[in-house]
Amino acid sequence: GKRTTIGTGRPNASYSTPLLAGVLGLGVIAGVVSLRMGGEFMPQLDEGSILMQMFRPNSIGIDRSLAMQKRSELIIREFPEVAHVFARLGTQEIAVDPMGVNVSDTFIMLKPRGEWPKARGRRRRTKAELAEAIRKSLAGRMLGQNYLVTQPIQMRFNEMLGAATADIVVKVFGPDLCTLTDLTTQVRDVLARTRGAGDVEFSALGGTLAIQIEPDREALRRVGATVADVNEAVAAALGGREAGVLYDAFGRPVPIVVRLPEEQRESLEGLRALPVRAAGGTVALAAVARIKESEQVSTISREFGKRRMAVLVNPRDRDLAGYVREARERIAREIVLPEGYYVQWGGQFQNLARAQRRLAIVVPLVLTVIFLVVLRVFGRVWQAVMVFAGIPLAVIGGIFALALRGIPLSVSAAVGFIALSGVAVLNGLVMVSMFNLLRERGRSLREAVLEGAMIRLRPVLMTALVAGLGFVPMALATGLGAEVQRPLATVVIGGLVSSTLLTLLLLPLLYSWVDSGEARQQVREWWRAVRARASGWTRVRNGQGTLRHNERRER
């Protein structure tokens with residue numbers, strides 16, 4: 001068709017200044033919002049099940065612990081959302097996961113969400129609400145045990161990373177056990193008072209009752225016995241001693257082990273009457289040894305040769321980075337650590353810090369490569385900078401989208417920002433390339449900008465719509481794994497909206513402003529004004545110094 005001339009003359013850049021000021025204002029607001037959003041390593045993946053760790057007193061026996069576990073499982077089965085429950089208590093024969101009989105891993109398998117009853121006829125409660133309801137029911141009906149709520153895969157992942165089963169592990173290192181226990185208790189109290197603490201529990205703390213048998217060497221000398229005789233009698237009575245072999249019907253050997261009955265092994269009176277071989281026959285163990293019950297340390301943990309205790313934390317209703325930042329400040333302010341004692345943070349927070357350090361290298365490298373590619377295409381620095389300006393415009397939209405949905409920054413969101421940078425640069429590249437092409441064909445600056453913007457309007461919108469609409473199902477997904485996809489999709493959609501709108505409005509004005517020479521002229525005027533003001537201040541300062549010098553000479 002016929003080409004319509006859209007006007008000639010110098011482009012009017014009167015709208016550039018307010019638009020640039022508005023974009024800069026949005027950038028500042030987005031920066032403030034990003035600082036308040038907090039961060040986490042990865043969004044919490046819903047595994048469809050619950051793992052509840054139950055911590056009981058270290059001195060509890062296996063029979064009492066089993067009884068408490070069975071009663072706890074009966075309470076959990078009362079919830080209609082629960083399909084079945086099973087638990088693992090103590091240490092298995094192959095001790096790949098050693099723990100005492102006072103700790104149990106209770107696996108709560110849930111029914112499909114469609115079978116959950118609706119609360120009060122309105123809606124089904126969430127998995128987090130169900131876990132909190134189970135914890136409150138157990139806490140009200142089962143005394144003497146504490147709880148840590150997590151998920152099976154999540155617990156194992158945390159254990160492999162930080163040698164503990166929680167999202168955050170606060171380790172306290174030091175040489176003296178009593179001082180270490182006191183400091184760990186103070187740290188736990190501070191962590192529990194911090195907003196969003198959720199579940200806070202000791203990894204291992206306290207002692208357990210033990211029977212202490214101390215040989216009396218004077219009494220042994222009088223009866224003609226030795227310490228070895230006492231050790232042999234105690235080992236045979238409590239641990240058992242093989243007395244022979246019995247062959248079963250299939251010819252397999254079965255060892256015959258002799259030891260005290262269970263009632264006498266748990267009774268101090270039965271141990272005191274234990275016979276010990278002596279020179280003139282046998283004597284009671286109580287005659288040659290002092291027997292008493294005492295509290296002993298149940299677990300001594302070391303890491304890199306240093307003694308440590310740990311506090312486990314699962315934050316709830318708050319981002320990981322924000323909780324750790326506040327907790328660190330409170331610990332540093334409220335707890336005085338003696339010399340030789342220090343606190344170390346681990347778990348998911350450690351992964352977040354490691355990921356941030358890597359992103360601090362990868363992101364600038366990616367942006368540099370993108371800038372060099374764009375510079376290679378155009379051969380002009382100012383055009384490459386103009387196209388590159390689409391990246392911060394896209395970042396603004398991504399941050400606002402995350403804030404509106406209440407999603408903290410994470411590695412998944414960072415991947416979304418990196419992917420978004422390519423689309424934003426592509427839109428700018430398409431627009432500026434058309435401007436340059438029209439200028440080479442003899443169009444005036446105003447004609448090239450207006451005609452190029454109209455020609456490239458549809459391709460830019462199609463690029464943004466295809467990418468944005470493709471991420472809508474990921475942004476709205478609610479199934480398993482949706483937690484990881486949601487931040488990435490939200491960033492891309494929000495960034496494409498802001499990048500497309502601002503690119504269509506801002507890029508033509510910037511091109512006109514810079515290519516017409518007004519930008520360079522304004523920059524030169526601004527630079528002259530800055531130099532003039534700086535030289536004026538220098539003259540004033542030198543004059544004031546000369547006056548003070550003359551006054552000192554006169555005095």
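Further up the page is the structure itself.
The model shown is predicted, which means the values in this text are computed figures rather than measured ones. Starting from 1, residues in each chain are numbered consecutively following that chain's sequence as written. Two thresholds apply to this predicted model, a pLDDT of at least 70 for residue-level local features and 80 or more for giving and counting side-chain atom pairs, whereas whole-chain, interface and lining totals are computed over all residues. Side-chain numbers come from the whole structure's heavy atoms, not from hydrogens or water.

Undergrad: Whenever I open this one, the packing of aromatic side chains confuses me. Can you help?
TA: Given two aromatic rings, their pairing is described by the distance between the two centres and the angle made by the two planes. When the centres of two rings from Phe, Tyr and Trp lie within 6.5 Å, Trp using its six-membered ring, the rings pair. Their planes under 30 degrees apart give stacked, over 60 give edge-to-face, and anything left gives tilted. All told, the structure shown has 3 aromatic pairs when counted by the stated rule. Judged by centre distance (5.6 Å) and plane angle (85°), the rings of Phe371 and Phe388 are edge-to-face. Taken together, the residues span a long stretch of sequence, with Phe371 in helix α12 (residues 348-378) and Phe388 in helix α13 (residues 381-388) at a distance of 17 residues. Whether a residue is buried, partly exposed or exposed follows from its accessible area with a 1.4 Å probe, protein chains only, as a fraction of its type maximum: under 20%, in between, or over 50%, in that order. In this structure Phe388 comes out as partly exposed when scored by relative accessible area, which is 22%. Helix and strand assignments follow DSSP, with helices taken as H or I runs no shorter than four residues and strands as E runs no shorter than two, numbered in order from the N terminus.

Undergrad: What is the right way to read the pairing of strand β10 (residues 275-278) from this model?
TA: The side chains of a regular strand alternate between both faces of the sheet. Side chains Val276 and Ala278 of β10 all project onto a buried face; the interleaved residues Pro275 and Arg277 project onto a face where none is buried. The rule for pairing is simple: two strands pair if DSSP sees at least two bridges between them. Counting the residues that bridge the hairpin from β10 to strand β11 (residues 281-284) gives 2 residues.

Undergrad: When you look at the sheet that holds strand β4 (residues 146-150) in this model, what are you seeing that I'm missing?
TA: Taken together, 4 strands build an open sheet; the order of strands is β2-β3-β1-β4 and the sheet is antiparallel. Since the sheet does not close on itself, it has two edges, and those belong to β2 (82-89) and β4, each with one partner. Neighbouring strand axes in the sheet, compared pairwise and without regard to direction, differ in orientation by 20° on average. Relative to β4, strand β1 (residues 49-55) runs antiparallel, the two being bridged by 5 bridges. Paired with Met52 across the strands is Val149, a residue of β4. Any two residues whose heavy atoms approach within 4.5 Å are treated as being in contact. Working convention: axes come from line fits to C-alpha atoms, limited for helices to the stretch in contact. Angles between N-to-C directions cover 0 to 180 degrees. Contacts between helix α2 (residues 62-77) and the sheet are confined to β1, β2 and β3 (103-110), with β2 contributing the most and set at about 165° to the helix. Its contacts with the sheet place helix α3 (residues 127-141) against β1, β2, β3 and β4, and it is angled at close to 25° to β1.

Undergrad: Would you explain helix α7 (residues 227-239) in this entry?
TA: An α-helical turn contains 3.6 residues, so any two residues separated by three or four positions project in the same direction. Given a rise of 1.5 Å per residue, 13 residues ought to cover 18 Å, and the 17 Å separating the end C-alpha atoms of α7 matches this to within 8%. Among the residues of α7, Asp229, Val230, Ala233, Val234 and Ala237 are the ones counted as buried. End-on view of α7: buried residues confined to an arc of 125°, all on one side of the axis. In α7, the exposed positions that point more than 90 degrees away from the buried face belong to Ala228 and Gly239. Take the residue count of a helix, subtract one, and multiply by 1.5 Å to get its expected span. Note that the arc is computed from the directions linking the helix axis to the C-beta atoms.

Undergrad: Sorry, what's going on with the packing of helix α5 (residues 177-193) against helix α11 (residues 320-334) here?
TA: Packed helices, taken two at a time, are described by their axes: the angle between them and the distance between them. Relative to each other, α5 and α11 sit at 135°, their axes nearing to 10 Å. When the interaxial angle is binned, α5 and α11 end up oblique. Like other packed secondary-structure pairs, α5 and α11 cross with a definite hand, here right-handed. In contact with Val187, Val190, Leu191 and Arg193 of α5, α11 contributes Tyr323, Ala327, Arg330, Ile331 and Glu334. When describing relative orientation, an angle under 35 degrees is termed roughly parallel and one over 145 degrees roughly antiparallel, while 65 to 115 degrees is termed roughly perpendicular and anything else oblique. By convention, the crossing between two helices is left-handed when the near helix turns anticlockwise from the far helix through less than a right angle, and right-handed when the turn is clockwise.

Undergrad: Honestly, the environment of Ala30 in this entry has me stumped. Any pointers?
TA: By the secondary structure assignment, Ala30 is in helix α1 (residues 16-37). Apart from residues lying up to four places away in sequence, Ala30 is in contact with Ile396, Ile399 and Phe400.

Such coordinate-based values are descriptive only and should not be taken to indicate function.
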